[in-house]
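For reference, the chains in residue letters:
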Amino acid sequence: MLGVAPAPEYTFVVYVCPVGHYFKDGLSPISLLTEEEYHRAAPGGTGDIKTIGNYASVVSAQRRAKEKGHSDVLYLDPVHKKFVEEVSSCNILMVKDNVISTPLLTGTILPGITRRSIIEIAQNLGIQVEERLIAIDEFLDADEVFCTGTAVVLSPVGSIVYHGRRVEYGGGKVGAVSQQLYSALTAIQKGLVEDSMGWSVQLN
């Protein structure tokens, strides 16, 4: 049907194709521009649901950021405009004093499966993980920052720009924790190590 109403039936389609790294430079650290005017999602909406509409709201800000030489956009919460939420297409985590922190799922952030996988791998490695509200100032003071997502997998963040101030991490290199988690996750995905997490399914 064509109209503004729930459809009586739906067709579920899955497209499968080979892809490269989501960010063109692969595992090289990316640059994020903090969006200070627009927001990716608002309370009561579909910000925590994987829908095509979630990507429409980031296209304009993402284009502006790329025109300025950045890889993507970092979004803050729409209420206080100070708590970090996520990047256009992926979740974000930070490392400070060997503790990993990631924004609390408050209804405007996608509960990404890669985010959850990295959290579980980190905990399995004995790394403390916190899910909580995190102000942008804390991210600017972090030891490492990285993003996670289905296509992104794990991408280290090399810099964040906020209010015109540029903060850099790792001197252009992948952080030790980021590298450890990336290697652990991709080893399971590629079947290079025994899956102690119970995620892999053997197909006949």
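Quick caveat, the model's predicted, so the values are computed rather than measured. (Residues numbered from 1 in each chain as written. Predicted model: local features only at pLDDT ≥ 70, side-chain atom pairs only at ≥ 80, totals over all residues. Heavy atoms only, no water.)

Note that Asp72 resides in strand β2 (residues 72-76). Of the side chains bearing the opposite charge, Lys66 lies closest to the buried Asp72, which forms no salt bridge; the N-O distance is 6.1 Å. For Asp72, the side chain forms a polar contact with the side chain of Ser88, separated by 2.6 Å. Contact partners of Asp72, with chain neighbours within four places excluded, come to Tyr22, Phe23, Ser31, Leu32, Leu33, Gln62, Ala65, Val87, Ser88 and Ser89. (Helix = DSSP H or I, 4+ residues; strand = E, 2+ residues; numbered from the N terminus. Buried < 20%, exposed > 50% of the residue type's maximum accessible area, 1.4 Å probe, protein only. Lys, Arg positive; Asp, Glu negative; His and termini not counted. Salt bridge = Lys/Arg side-chain N within 4 Å of Asp/Glu carboxyl O. Polar contact = N/O pair within 3.5 Å; in protein donor to acceptor, adjacent residues only side chain to side chain. Contact = heavy atoms within 4.5 Å.)

What follows deals with helix α3 (residues 113-124). An α-helical segment advances 3.6 residues per turn. Residues three or four places apart therefore align on the same side. Between its first and last C-alpha atoms α3 spans 16 Å; for 12 residues at 1.5 Å apiece the expected length is 16 Å, and the two agree. Thr114, Arg115, Ser117, Ile118, Ile119, Ile121 and Ala122 are the residues of α3 that are buried. Where α3 is buried, its residues touch β4 (91-96), β5 (99-103), β6 (128-132), β7 (144-149), β8 (153-162) and α5 (176-189). Positive phi appears at Gly126, one or two residues downstream of α3, with a value of about 85 degrees. (Expected span 1.5 Å × (residues − 1).)

Okay, the packing of α3 against α5 next. Contact pair α3 / α5: the axes reach a minimum separation of 10 Å and the direction vectors enclose 110 degrees. Classified by the angle between their axes, α3 and α5 sit roughly perpendicular to one another. Classified by chirality, the crossing of α5 by α3 is right-handed. Judged by residue contacts, Thr114, Ser117, Ile118, Ile121 and Ala122 of α3 engage Leu181, Ala184, Leu185 and Ile188 from α5. (Axes fitted to C-alpha atoms, helices over the stretch in contact; angles between N-to-C directions. Parallel < 35°, antiparallel > 145°, perpendicular 65-115°, else oblique. Left-handed = near helix turned anticlockwise from the far one by under 90°.)

The next subject is the environment of Gly171. Looking at where Gly171 falls in the secondary structure, it is placed in the loop between β9 (165-168) and α5. In sequence terms Gly171 and Val4 are 167 residues apart; their C-alpha atoms lie 51 Å from each other.

Below, the discussion takes up unusual backbone geometry. Of note, Val153 is a non-glycine position whose phi angle comes to about 60 degrees, a positive value. Turning to its location among the elements, Val153 is positioned in strand β8. Not every positive phi belongs to a glycine, and His163 is a case in point at roughly 55 degrees. As for its placement among the helices and strands, His163 is situated in the loop between β8 and β9.

Turning our eyes to something else, we now look at the pattern of salt bridges. All told, the structure shown has 10 salt bridges when counted by the stated rule. Arg63 serves as the salt-bridge partner of Glu67, at 3.9 Å between the closest nitrogen and oxygen. Residue Glu67 and its partner Arg63 are both found in helix α2 (residues 59-67); the two are separated by four residues, about one turn of the helix. Assessed through its relative accessible area of 61%, Glu67 is described here as exposed. Note that Arg115 is salt-bridged to Glu131, the shortest N-O span being 2.8 Å.

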